[in-house]
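Residue strings, one per chain:
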Amino acid sequence: MPNPRNLILVAAAVGILGGSVLVAQGMLGGGSGGTGSLAGSFSDVPAAKASPTPTGPTPEELAAIERAKRVKTLDAALKKYAADKPEFSVAVFDKKTGETYAFRGDEKYETASIVKVQVLACLLMTAQDDDRKVTSSEKALADKMIRYSDNAATTSLFGKIGRYTGLSACNKRLGLTQTKVSSSWGLTRTTVKDQVKLLAAIEDEKGELNETSRAYAHKLMTTVATDQDWGVPAVAGEDEDAAVKNGWLQRSTEKNLWIINTVGQVTGDETDVSIAVLSHTNKTMTSGISMVERVAKLTRTHLKY
């Protein structure tokens, strides 16, 4: 028969231990004033969750940070360069990233001969709308207009596409919102942002121009006459392809100073960009060409495309 004294000691011990459990549960449990339920055991208390391991920025976030740095340095470089130069604007659209950089992107300039790219795109769109090929006579005019910047050929094609009304309608389809066509086509006003949008639209597989039209436009703009192979091509490397159309005009309304514009594309294994540099009040054509080429090169140096 168990010793009564031992039974009493065991019972007391259980009571003490049980009290310890209840006190511990009360300390760990929620509620104020100790009114929360004390039922259960330690295993009922939720285990503390480990903090997630920091993963750092995503590749996309890192790319955005790097681009912001490049944009900042390019802004600074262009502002410094512009301090003692005629007014200019520049834009770059990088097809591979989908990003557009613009410096003074909304400033409007007279196009001079770069409007001929708009005329070409509209000619090709008009032929497509009529479900026909561009005629041999139209091709002959387009060749002169783009490769040799022939003004008479441009005037003829400007008439064929419906002049001011026709070109304005085509520009709307191409998404140009900052371009105002002039009845004197060379005095059409535009921005660099609209110009890179135009260039991108001409190359867009899902855009207004079909494959044949895109290839034809590219062929003309990559085979301009030697004396007109300046501007955007100065940015291209030896293994890259450069398409270009330039514009130049000694403007009587600006004390016979020069409008110098260049628009085009540089493509290669790692590169696919559209570039536009517009300027006016250049003292000479030569100095204007040097300036727009320098500006274009600065974009490549800092954006690293």
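Residues numbered from 1 in each chain as written. Predicted model: local features only at pLDDT ≥ 70, side-chain atom pairs only at ≥ 80, totals over all residues. Heavy atoms only, no water.

Looking at an unreviewed UniProt entry, one finds the protein chain named Beta-lactamase class A catalytic domain-containing protein, with Actinoplanes couchii as its source organism.

So, about the state of the cysteines. As used here, a disulfide is simply a covalent bond connecting the sulfur atoms of two cysteines. Applying the stated rule across the entire model yields one disulfide. Across the disulfide, C122 is cross-linked to C170 (sulfur-sulfur distance 2.0 Å). Across the S-S bond linking C122 and C170, the dihedral sits near 60°, which makes this disulfide right-handed. In this pair, C122 sits in helix α3 (residues 115–129) while C170 sits in helix α6 (residues 163–173), placing the two residues 48 residues apart along the sequence. Of the residues examined, C170 reaches a relative accessible area of 7% and is grouped as buried. (Disulfide = S-S within 2.5 Å. Helix = DSSP H or I, 4+ residues; strand = E, 2+ residues; numbered from the N terminus. Buried < 20%, exposed > 50% of the residue type's maximum accessible area, 1.4 Å probe, protein only.)

Quick look at the side chain of N171 now. Considering the arrangement of structural elements, one finds N171 in helix α6. Excluding residues within four positions of it along the chain, N171 makes contact with Q118, L176, T179 and V181. (Contact = heavy atoms within 4.5 Å.)

Attention now moves to helix α2 (residues 59–82). Here α2 spans 34 Å end to end across 24 residues, near enough to the 34 Å set by a 1.5 Å rise per residue. Three or more residues of α2 are buried, namely L74, A77, L78, Y81 and A82. Packed against the buried residues of α2 are β1 (88–94), β2 (99–103) and α9 (285–303). (Expected span 1.5 Å × (residues − 1).)

Let us look at unusual backbone geometry. Here N256, not a glycine, exhibits a phi torsion of approximately 65°, which is positive. Position of N256 relative to the elements: it lies in the loop between β5 (241–251) and β6 (257–267). Judged by relative accessible area, which is 43%, N256 ranks as partly exposed. A positive phi angle, close to 60°, is found at K304, a residue other than glycine. In this fold, K304 is placed in the segment after α9.

Another aspect to go through is the sheet that holds β2. Pairing in this open sheet of five strands is antiparallel, and the strands run β2-β1-β7-β6-β5 from one edge to the other. Every interior strand has two partners, whereas the edge strands, β2 and β5, have only one. On average, adjacent strands in this sheet sit at an angle of 5° to one another, irrespective of strand direction. Judged from the nine bridges that link them, β6 and strand β7 (residues 272–282) form a sheet pairing that is antiparallel. Within the sheet, the bridge partner assigned to Q265 lies in β7 and is S274. With respect to the sheet, helix α8 (residues 211–221) is in contact with β5 and β6, its orientation differing from that of β5 by roughly 65°. (Pairing = 2+ DSSP bridges. Axes fitted to C-alpha atoms, helices over the stretch in contact; angles between N-to-C directions.)

Okay, the pairing of β2 next. Of the pairings in the sheet, the one linking β1 to β2 comprises five bridges and is antiparallel in character. By the bridge assignment, A91 is partnered in β2 with A102. In sequence, β1 turns back onto β2 through a hairpin of four residues, with G98 there showing a positive phi of about 80°.

Close contact between α3 and α8 brings their axes to 10 Å; oriented N to C, the two are set at 155°. Relative to α8, α3 is oriented roughly antiparallel. Viewed along their axes, α3 and α8 form a crossing whose handedness is right-handed. Here V117, L120, L124 and Q128 of α3 come into contact with α8, specifically with S213, Y216, A217, L220 and M221. Per-class residue counts for the contact of α3 with α8 are seven nonpolar, two polar and no charged. (Parallel < 35°, antiparallel > 145°, perpendicular 65-115°, else oblique. Left-handed = near helix turned anticlockwise from the far one by under 90°. Nonpolar A, V, L, I, M, F, W, Y, C, P; charged D, E, K, R; others polar.)

Burial within β1 is extensive, with seven of its seven residues counted as buried. On β1, burial covers both faces: F88, V90, V92 and D94 on one face and S89, A91 and F93 on the other are all buried.

For the rest of this paragraph, the subject is the confidence of the model for the protein chain. Chain-level statistics for the protein chain give a pLDDT mean of 87 and a share of 82% at 70 or above. Residue range residues 1–45 is modelled with pLDDT below 50. Its contacts to residues more than four positions away, or to other chains, number 12 contacts. (pLDDT = per-residue confidence, 0-100.)

Counted under the stated rule, the structure contains three aromatic pairs. Relative to F88, the ring of Y81 has its centre 6.1 Å away and its plane inclined at 55°; by these criteria the two rings are tilted. Each of the two residues, Y81 as well as F88, counts as buried. Here the aromatic residues Y81, F88 and F103 are joined through ring pairs into a cluster of three or more. When the ring centre of Y81 is taken as origin, the NZ or CZ atom of K85, which lies over that ring, is 4.6 Å away. Between the NZ or CZ atom of R104 and the centre of the ring of F88, over which it lies, the distance is 5.5 Å. (Phe/Tyr/Trp six-rings, centres within 6.5 Å; stacked < 30°, edge-to-face > 60°. Lys NZ or Arg CZ within 6 Å of the ring centre and 35° of its normal.)

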